[in-house]
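Here is what each chain is made of, one letter per residue.
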Amino acid sequence: MDNKTEVREFLMSRRARLAPEQAGLLGGGRRRVAGLRRGEVAALAGLSVEYYGRIERGQIAGVSTAVLEALARALQLTEPERSHLFDLARAADGNTLAARPRGRRSPRAAQRQSIQQVLGTIHDGIAVVRDQRQNLLATNQLAKAFYTPVIGDGTGTPNLARFQFLDPASRDFYPDWDLFSEMCVAVMRAEAGRDPHDAELQELVGELSTRSDVFRRLWSAHDVRSHGSGTKRFHHPEVGELVLFYEELMITADPGTVLMVYTAEPGTPTAERLALLASWAAAPTGAAADVDVD
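Here the structure is a predicted model, which is why all the values come from computation and not from measurement. (Residues numbered from 1 in each chain as written. Predicted model: local features only at pLDDT ≥ 70, side-chain atom pairs only at ≥ 80, totals over all residues. Heavy atoms only, no water.)

1. Some thoughts on the nonpolar core
For clarity, the cut-off: Residues belong to one nonpolar core when they are buried, are Ala, Val, Leu, Ile, Met, Phe, Trp, Tyr or Cys, and are joined through side-chain atoms within 4.5 Å. We call a residue buried when its accessible area falls under 20% of the maximum for its residue type, exposed when it is over 50%, and partly exposed in between, using a 1.4 Å probe and counting protein chains only. Runs of H or I in DSSP of at least four residues are treated as helices and runs of E of at least two as strands, each being numbered from the N terminus.
Core analysis: the largest hydrophobic core is formed by 41 residues, its most contacted members being I126, F146, Y147, M188 and L244. In terms of residue count, helix α12 (residues 177-194) provides more of this core than any other element does, seven residues in total. The next biggest cluster of nonpolar side chains, apart from the first, holds 26 residues, and it includes L18, V41, A42 and L68.

See below:
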């Protein structure tokens, strides 16, 4: 992932989506491209057209925080988009962890006993450890039953992005498949900006771009987002529809790794179905709390 290309395409895509009226400008006149012109972005940010032009061509190294903040305001960036712009600038400066090449990393979070103990204490919710490449590194017992369509026969490391775009079963598991696709790619985009030298993430993006037209289209949109919290809808093959709240918690000891917990509102049909799934999961042999990782 070339940093200059990423900067250029990200800024151009944000400029293209913003109509003059949204920025408080008069729209009038024929426009060759959608959205704002470079000169309009420059004026809104208080920059010369020449300086903004250099930045949009990818020459973002050394750009001050004040200028980046001005661009974020001019382009009306969301907080995840603003963070992404700053990540791209830090990578261009070459003096941060995000800019330093790193080798393949082992899933240390999944191997630590403390993580396994935390997962083991969560009985009424679905709890998983996920890395920045969308790998499921570990699960509690309920999550192992919940993610059976993703985990499959348990060989290899389950990957949510591969399941989303390459496995037809994902369209049944995710009733809101289009929304899930957009979220998945936007989260991966943000991670790529934080660590542009992550070889495994680059390989995953290349694989999915080659094998999925939808992924390739969404990746080219340069949308970014953080996961955070919210509500998602699933259709489990054993218990049916589940509407779940989710919270994403960063694991600070392993940058890029998160603990994701899904819970149901008490007294709802989803809570009853989740309890049924939990009893079904506990019945056979009391499965181990972690997913086998290569």
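Text resumes after the structure shown.
2. Points about the sheet that holds strand β5 (residues 258-263)
Applicable threshold: Here, strands pair whenever DSSP counts at least two bridges between them. The angle between two axes is taken between their N-to-C directions and runs from 0 to 180 degrees, where each axis is a line fitted to C-alpha atoms and a helix contributes only its stretch in contact.
Reading across from one edge, β2-β1-β5-β4-β3 is the order of the five strands in this open sheet, with antiparallel pairing throughout. Edge strands, defined here as strands with exactly one partner in the open sheet, are β2 (136-139) and β3 (229-236). Direction aside, the axes of adjacent strands within the sheet are offset by 30 degrees on average. Relative to β5, strand β4 (residues 240-250) runs antiparallel, the two being bridged by six bridges.

3. Quick word on the packing of aromatic side chains
We count it as follows: Pairing of aromatic side chains requires ring centres within 6.5 Å, counting the rings of Phe and Tyr and the six-membered ring of Trp. Pairs whose planes differ by under 30 degrees are stacked, by over 60 edge-to-face, and all others tilted. Placement of a charge over a ring requires the Lys NZ or Arg CZ to be within 6 Å of the ring centre, with the centre-to-atom vector within 35 degrees of the ring normal.
Inspection of every chain in the model, using the stated rule, returns 17 aromatic pairs. Centroid distance F146 to F234: 4.9 Å. Interplanar angle 85 degrees. Geometry classified as edge-to-face. Taken as a pair, F146 in helix α8 (residues 141-146) and F234 in strand β3 lie far apart in primary sequence, 88 residues in all. The class for F234 is buried, based on a relative accessible area of 1%. The interplanar angle of 15 degrees and the centroid separation of 5.7 Å between the aromatic rings of F215 and W219 together place this pair among those described as stacked. Here the residue F215 and the residue W219 both occupy positions in helix α14 (residues 213-220), the gap between them amounting to four residues, near one helical turn. By relative accessible area, which is 0% here, F215 ends up buried. According to the relative accessible area criterion, W219 is buried, its value standing at 10%. Seen from the ring of W219, R189 lies directly overhead, with NZ or CZ sitting 3.9 Å from the centre. Cation over ring: K232 sits above Y246, and NZ or CZ is 4.9 Å from the ring centre.

4. What about the pairing of β5?
The buried fraction of β5 amounts to five of the six residues, a majority that puts the element mostly inside the structure. Strand direction decides the pairing type here: strand β1 (residues 126-130) and β5, joined by five bridges, are antiparallel. Bridge pairing links A127 to V261 in β5.

5. A closer look at the environment of A91
In this fold, A91 is placed in helix α5 (residues 79-93). Under the relative-accessibility criterion, A91 is labelled buried at 14%. For the pair A91 and R194, spaced 103 residues apart in sequence, the C-alpha to C-alpha distance is 7.7 Å.

6. Re the environment of A145
What counts, and what does not: Two residues qualify as a contact provided that any one of their heavy atoms is within 4.5 Å of a heavy atom in the partner residue.
By the secondary structure assignment, A145 is in helix α8. In this structure the C-alpha to C-alpha distance between A145 and W280, which are 135 residues apart in sequence, comes to 8.2 Å. Setting aside residues no more than four positions away along its own chain, A145 makes contact with H236, L277, W280 and A281.

7. Details of the packing of α12 against helix α13 (residues 199-211)
Rules: An angle counts as roughly parallel when it lies under 35 degrees, as roughly antiparallel when it exceeds 145, as roughly perpendicular when it falls between 65 and 115, and as oblique in every other case. Crossing handedness: left-handed means the near helix sits turned counterclockwise from the far one by under a right angle, and right-handed means the same turn made clockwise. Any residue that is not Ala, Val, Leu, Ile, Met, Phe, Trp, Tyr, Cys, Pro, Asp, Glu, Lys or Arg is counted as polar, Gly included; the first ten are nonpolar and the last four charged.
Running from amino to carboxyl end, α12 crosses α13 at an angle of 140 degrees, the nearest separation of the two axes being 11 Å. Accordingly, the angle class assigned to the pair α12 and α13 is oblique. Crossing of α12 over α13 shows left-handed handedness. Between α12, through M188, E191 and A192, and α13, the contact on the second element is made entirely by L201, L204, V205 and L208. Residue composition of the contact of α12 with α13, by class: six nonpolar, no polar and one charged.

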